[in-house]
Amino acid sequence: MGSRKPWGGRFSEATDPTVERFSASVHFDRALALHDLRGSVAHARMLGESGVIPGEDAEALVRGLEAIRAEVEAGSFVFDPGLEDVHMNVEARLRERIGAVAGKLHTGRSRNDQVATDLALYLRDAARAARRGLLGLEGVLVERAREHLGTVLPGYTHLQRAQPVRLAHHWLAFVEMLARDRGRFADLEARLAAAPLGAGALAGSTLPLDRHHTARALGFEAPSVNSMDAVAARDGALEWLAAAAIAMVHLSRLAEELVLWSSAEFGFVELADAYSTGSSLMPQKKNPDVPELVRGKSGRAIGNLVTLLTVVKGLPLTYNRDLQEDKEPIFDSATTLRDCLEVTAGAVATLRVNERRMAEAASDPMLLATDLAEALVRENVPFREAHEAVGRVVGDCVAKDLDLRELSLEDLRAFHPAFPAPASELLDLERSLEARDLPGGTARRRVAEALEAAEARARAAQAELDAQGPGGGDAS
Ligand code: ARG
């Protein structure tokens, strides 16, 4: 075993088998294989072109690496856990295929700048995948919002009915959150633009490597500015995990509403059979397991962020093996976010809205109490005084079990002399919605405008993503 290690020369004893198992990462970092191969192909080409190794050796390396890429893509590459990590697996396979010249691939390179490069490539692809997934869910929400411009439900604060809103307005609130999530992934991509390759173990190389060459070939803007930062930093990964955790928290809030709304107590929506499960015991049950799992999985995404923050927090410069612990949280959050976006989009696209139940809930005249206070404000009553008067009106109605809308002008004036009209004239659901005609409000034309804007923004984002292409690895 010892002789298979790239550091074998310095060592006379083989690694303890427990240590081999303990330190191996190939069972998870194999997810980086295609990114690792991209990095190695660029490095090999650069070695040839800058004359560090003979051109024909570089060509042999590239041909061998391309053949291995085909094996990985076909799923026929056999990862050997005895070879520790993905990097050594690829190099060992290269040696099998092209012989001793394979030993030239690692010229001027360390696994430290190699793995930092792989990770940056992976995170860039994963950021794009996240943007695509977010855009998909935004599209579904916008479509459903367009169907429900005229559907009215109570908006809530403290989970208490507060004021009526359009369902379109409600769902567009999530569209705004998801669009900002997409923005976060786009922003952090811009900070993954420095290529670590050429930083070596930590202090660069005595060999005439062309760092600009590899940076360009891999789609980075430039080589990293500081070789120590290049191998030590993981803030790109942290930012990615933070963006994923925030997006998952948004999905969790949407999921929570789907759970609440599909309960008999609300009855606002019914999830499609395809997105629900039954009970093994109670035949009548239809359970919202899909949104529940989305809500539950947001915990993993938060945990993954905290895991890596904690791993990095106490590390001296530069590379420390602790950093191998960066990968599983990232892979887990990538898969979790991808899957949650997909099932949430499916659940929202297929759910049935119970407009009648929403309308019933929104017809509670108490939801218009604010409008009554604002009617007094229009008569030049200070808002605090108006609020207090309407508070007494409401309290009286509740105590006497009266419908607010039935109060005559005389009834109202008993509470404040400035009331201008009977309650029936001041309280009308549709008028109340339409009166909220400020930017960002619930008036039909404002919501319609917001829909148009969300659609235009999504079209532009889709065009940008299409132009960027899918990326070169298989980040979920
Ligand atoms: N598997 C390692 C990681 O993920 C690769 C780098 C190893 N570098 C080292 N000096 N042991 O971090």
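Residues numbered from 1 in each chain as written. Predicted model: local features only at pLDDT ≥ 70, side-chain atom pairs only at ≥ 80, totals over all residues. Heavy atoms only, no water.

Colleague: Explain the packing of aromatic side chains to me, using residue names and the numbers behind them.
Modeller: The description of two aromatic rings rests on the distance between their centres and on the angle between their planes. All chains considered together, the criterion is met by six aromatic pairs. Each residue in the set Y156, W261, F266 and F268 is aromatic and connected to the rest through ring pairs, giving one cluster. (Phe/Tyr/Trp six-rings, centres within 6.5 Å; stacked < 30°, edge-to-face > 60°.)

Colleague: Please provide a residue-by-residue account of the side chain of E84, values included.
Modeller: Assignment of secondary structure puts E84 in the loop between α4 (55-74) and α5 (86-98). Classification of E84 by relative accessible area gives buried; the value is 8%. Not counting the four nearest positions on each side in its chain, E84 is found in contact with W7, S23, A24, S25, V26, R111 and R321. (Helix = DSSP H or I, 4+ residues; strand = E, 2+ residues; numbered from the N terminus. Buried < 20%, exposed > 50% of the residue type's maximum accessible area, 1.4 Å probe, protein only. Contact = heavy atoms within 4.5 Å.)

Colleague: Give a detailed account of the environment of R216, specifying residues and quantitative values.
Modeller: Counting through the fold element by element, R216 comes out in helix α8 (residues 211-217). On the accessibility criterion, R216 (58% relative accessible area) is exposed. Spatially, the C-alpha atoms of R216 and A195 are 8.7 Å apart, while their sequence positions differ by 21 residues.

Colleague: Any details on the pattern of salt bridges? Residues and values, ideally.
Modeller: Applying the stated criterion to the full structure yields 40 salt bridges. With a closest N to O distance of 2.7 Å, R131 and E189 form a salt bridge. With R131 in helix α6 (residues 111-147) and E189 in helix α7 (residues 167-190), this pair connects stretches of sequence that are 58 residues apart. Assessed through its relative accessible area of 5%, R131 is described here as buried. Given the relative accessible area of 10%, E189 is considered buried. The shortest N-O distance in the salt bridge between R182 and E138 comes to 2.6 Å. Here the residue R182 occupies a position in helix α7, and E138 occupies one in helix α6, the gap between them amounting to 44 residues. Overall, the relative accessible area of 8% leaves R182 in the buried class. Residue classification places E138 among the buried residues on the basis of a relative accessible area of 1%. What emerges from the salt-bridge pattern is a single network uniting E71, R93, E96 and R97. (Salt bridge = Lys/Arg side-chain N within 4 Å of Asp/Glu carboxyl O.)

Colleague: Help me get a handle on the site of the ligand, residues and values and all.
Modeller: Looking at the ligand, the residues that line it are S25, D85, H87, R111, N112, V115, Y319, Q324 and K327. A distance of 2.8 Å separates a nitrogen atom of the ligand from a polar side-chain atom of Q324. In the complex, 87% of the free accessible area of the ligand, which totals 340 Å², lies under the protein chains. Counting residues per element, the shell around the ligand draws most heavily on α6, at three residues. Grouping the amino acids of the shell around the ligand by side-chain chemistry returns two nonpolar, four polar and three charged. (Near = heavy atom within 4 Å. Polar contact = N/O pair within 3.5 Å; in protein donor to acceptor, adjacent residues only side chain to side chain. Areas by Shrake-Rupley, 256 points an atom, 1.4 Å probe, with all protein chains shown as cover. Nonpolar A, V, L, I, M, F, W, Y, C, P; charged D, E, K, R; others polar.)

Colleague: Describe α5, listing the residues and the values that go with them.
Modeller: Three- or four-residue spacings in an α-helix give side chains the same orientation, since the helix completes a turn every 3.6 residues. For α5, built from 13 residues, the straight-helix expectation of 18 Å at 1.5 Å per residue is met to within 8% by its first-to-last C-alpha distance of 18 Å. For α5, every residue scored as buried is listed here: V86, H87, M88, N89, V90, E91 and L94. Buried residues along α5 sit in contact with α2 (26-29), α3 (33-49), α4 and α6. Where α5 begins, one side-chain oxygen reaches toward the backbone nitrogen of H87, 3.3 Å away; that side chain belongs to D85. One or two positions beyond α5, positive phi appears at G99, with a value near 80 degrees. (Expected span 1.5 Å × (residues − 1).)

Colleague: Give a detailed account of the packing of α6 against helix α19 (residues 444-468), specifying residues and quantitative values.
Modeller: Contact geometry of α6 with α19 gives a least axis separation of 10 Å together with a crossing angle of 155 degrees. Here α6 lies roughly antiparallel to α19, going by the angle between them. Along this stretch, α6 crosses α19, giving a crossing that reads as left-handed. On α19, the residues touching R128, R131, R132, L135, V142, A145 and R146 of α6 are L451, E452, A454, E455, A458, A461, Q462, E464, L465 and Q468. (Axes fitted to C-alpha atoms, helices over the stretch in contact; angles between N-to-C directions. Parallel < 35°, antiparallel > 145°, perpendicular 65-115°, else oblique. Left-handed = near helix turned anticlockwise from the far one by under 90°.)

Colleague: Hey, could you go over the nonpolar core for me, with residue numbers and the actual values?
Modeller: L141, F185, W240, L251, W261 and L337 are the most contacted members of the largest nonpolar core, which has 89 residues in total. For this core, the leading source of residues is helix α10 (residues 235-261), giving 14 residues. If we ignore the near neighbours within four places in the chain, the residues touching W240 are L123, A126, A127, F185, L188, I330, S333 and A334. Formed by 18 residues, the second largest nonpolar core is a distinct cluster that contains L368, A373, A389 and F415. (Core = buried A, V, L, I, M, F, W, Y, C linked by side-chain atoms within 4.5 Å.)

Colleague: A description of the pairing of strand β1 (residues 152-157) should follow, citing residues and the corresponding values.
Modeller: When β1 meets strand β2 (residues 160-166), the two strands line up antiparallel, connected through six bridges. Bridge pairing in β2 links P154 to P164. From the end of β1 to the start of β2, which pair antiparallel, there are two residues, and H158 there has a positive phi angle of about 55 degrees. (Pairing = 2+ DSSP bridges.)

Colleague: Quick rundown of the packing of α7 against α10? Include the residues and the values.
Modeller: Remark: α7 packs on α10, axes separated minimally by 8 Å, with the N-to-C direction vectors making an angle of 165 degrees. Our classification of the angle between α7 and α10 gives roughly antiparallel. Crossing geometry of α7 relative to α10 is assigned as left-handed. Taken together, the residues of α10 that come into contact with α7 (itself represented by L167, H170, W171, F174, M177, L178, D181, R184, F185 and L188) are E239, W240, A243, A244, I246, A247, H250, L251, R253, L254, E257 and W261.

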